[in-house]
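# Working through the structure, step by step
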Amino acid sequence: MHQERTTTTSLSLVTTSEVTSPATATGALPVISGEHVHTLPGESGFREGLRVAGFMCLGFVVMGMGLGVLVSSYGLAWWVAPVLSAVVFAGSVEFLLVGMIAAAAPLSLIASTTLIMNARHLVYGISYPLQNVRGGFAKALAVYMLCDEAYAVNTGPGSENYRQGRILTVSLLLWVSWWGGSTLGYFIGAAFLSNLAGVDFVMTGMFIILSIDAYRAVKDHVTASLAAAASITAIILYPQSMLLIALLALVCFLILRHLVQGRQDACKNSTQESQYA
């Protein structure tokens, strides 16, 4: 009996210590989180955006510097880096555009490649809390500065309560970090890395790493095989426009796979219904 009472008392103390947070114990106000506002009491939208996107901005500066170094390695003018990062602001697409601009690629190829690679933003608009942003100019600014990282930070449980200040601050900070990093990277690359071999492989290496991580997360052998087949086909038939042709071929392969799989599922369902009947 004494041992049972001791055990019960210990469990009660442990439970109480887990429920009572340090902030509550010291008399400070608790953080409002969970499915509510994800903010601190009395915190402005600007400070909230700075808090949630601060460390991400450091990563944006480093990635932007990579873009600036790449622009410098191609021998393009200094203003290409800040203008490209400020106007396009499309992340990985900008690495592709550097090579296209240096090779004087047709405008139609540049536009179609950008559209295909950024088509995912059309889906982002479904769950992005744009309804919390007031005013036509502010909404247009939020749409223009939307990127993968801004979407990840400004969506999720409780995003319907996110304030305009937070949404715009996150997007603006990421935009400024990317622009500043690319501009700084150009001058660093021109001054110290102009003769460094292999800088133009940064983009290819980045996409290889992203592809490996995506495959590890979802080991879809069929999609990986279709992507490889589309790439090989494009290299053999259209080496000058390999990327665009490979992307279009992959889209066609995926649509065909979806149709075939849907028909197979329909046949299975009809077979099962006939067996039960």
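Structure shown above.
The rules behind these values
Numbering of residues begins from 1 in every chain and follows the order in which that chain's sequence is written. For a predicted model such as this one, the threshold for reporting local features is a pLDDT of at least 70, and the threshold for listing and counting side-chain atom pairs is 80 or more; totals across whole chains, interfaces and linings nevertheless cover every residue. In computing side-chain properties, one takes all heavy atoms of the structure into account and sets aside hydrogens as well as water. One speaks of a salt bridge when a side-chain nitrogen belonging to Lys or Arg is within 4 Å of a carboxyl oxygen belonging to Asp or Glu. In DSSP terms, a helix is any run of H or I states spanning at least four residues, a strand is any run of E spanning at least two, and both are numbered starting from the N terminus. Relative accessible area decides the class of each residue, using a 1.4 Å probe on protein chains only: under 20% of the type maximum gives buried, over 50% gives exposed, and in between gives partly exposed. The convention used is that axes are lines fitted to C-alpha atoms, helices contributing only their stretch in contact, and that angles between N-to-C directions extend from 0 to 180 degrees. Angle categories: roughly parallel below 35 degrees, roughly antiparallel above 145, roughly perpendicular from 65 to 115, and oblique for all the rest. Here a crossing is called left-handed whenever its near helix is offset anticlockwise from the far helix by less than a right angle, and right-handed whenever the offset is clockwise. Amino acids outside the nonpolar list (Ala, Val, Leu, Ile, Met, Phe, Trp, Tyr, Cys, Pro) and the charged list (Asp, Glu, Lys, Arg) are all regarded as polar, and Gly is one of them. We call two residues in contact when some of their heavy atoms are within 4.5 Å. Working definition of a nonpolar core: buried Ala, Val, Leu, Ile, Met, Phe, Trp, Tyr and Cys residues. They are joined through side-chain atoms within 4.5 Å.

### As for the pattern of salt bridges
- Within the structure shown, the criterion is met by 3 salt bridges.
- A salt bridge links E48 to R166; its shortest N-O distance comes to 2.9 Å. Residue E48 is found in helix α3 (residues 45-73), and its partner R166 is found in helix α10 (residues 164-192); the two are separated by 118 residues along the sequence. Of the two residues, E48 and R166, neither departs from the other in class, the shared state being buried.
- Ionic pairing is found between R257 and D220, a salt bridge with its closest N-O pair at 3.1 Å.

### Observations regarding the packing of α3 against α10
- Taken N-terminus to C-terminus, the directions of α3 and α10 make an angle of 25°; their axes are 6 Å apart at the nearest point. Classified by the interaxial angle, the pair formed by α3 and α10 is roughly parallel. The way α3 lies across α10 gives a crossing that is right-handed.
- Each residue belonging to the contact of α3 with α10 can be placed in one class, and the counts come to 21 nonpolar, 12 polar and 2 charged.

### Details of the side chain of S171
- Counting through the fold element by element, S171 comes out in helix α10.
- The contacts of S171, once residues within four sequence positions are left out, are Y128, M145, A150 and N154.

### Observations concerning the nonpolar core
- Counting 30 residues, the largest nonpolar core has V71, V98 and L174 as the members making the most contacts within it.
- If you list the elements that add at least two residues to this core, you get α3, α4 (80-87), α5 (92-102), α6 (107-117), α9 (148-154) and α10.
- Contact partners of V71, with chain neighbours within four places excluded, come to L76, A77, V80, A81, V98 and Y186.
- Residues Y128, L146, I167 and L168 belong to the second largest nonpolar core, which totals 10 residues.

### Quick look at α4
- Burial analysis of α4 places 6 of its 8 residues in the buried class, the great majority of the element.
- Where α4 is concerned, the buried positions are V80, A81, P82, L84, S85 and A86.
- Of the residues flanking the end of α4, it is F89, one or two places downstream, whose phi is positive at about 45°.

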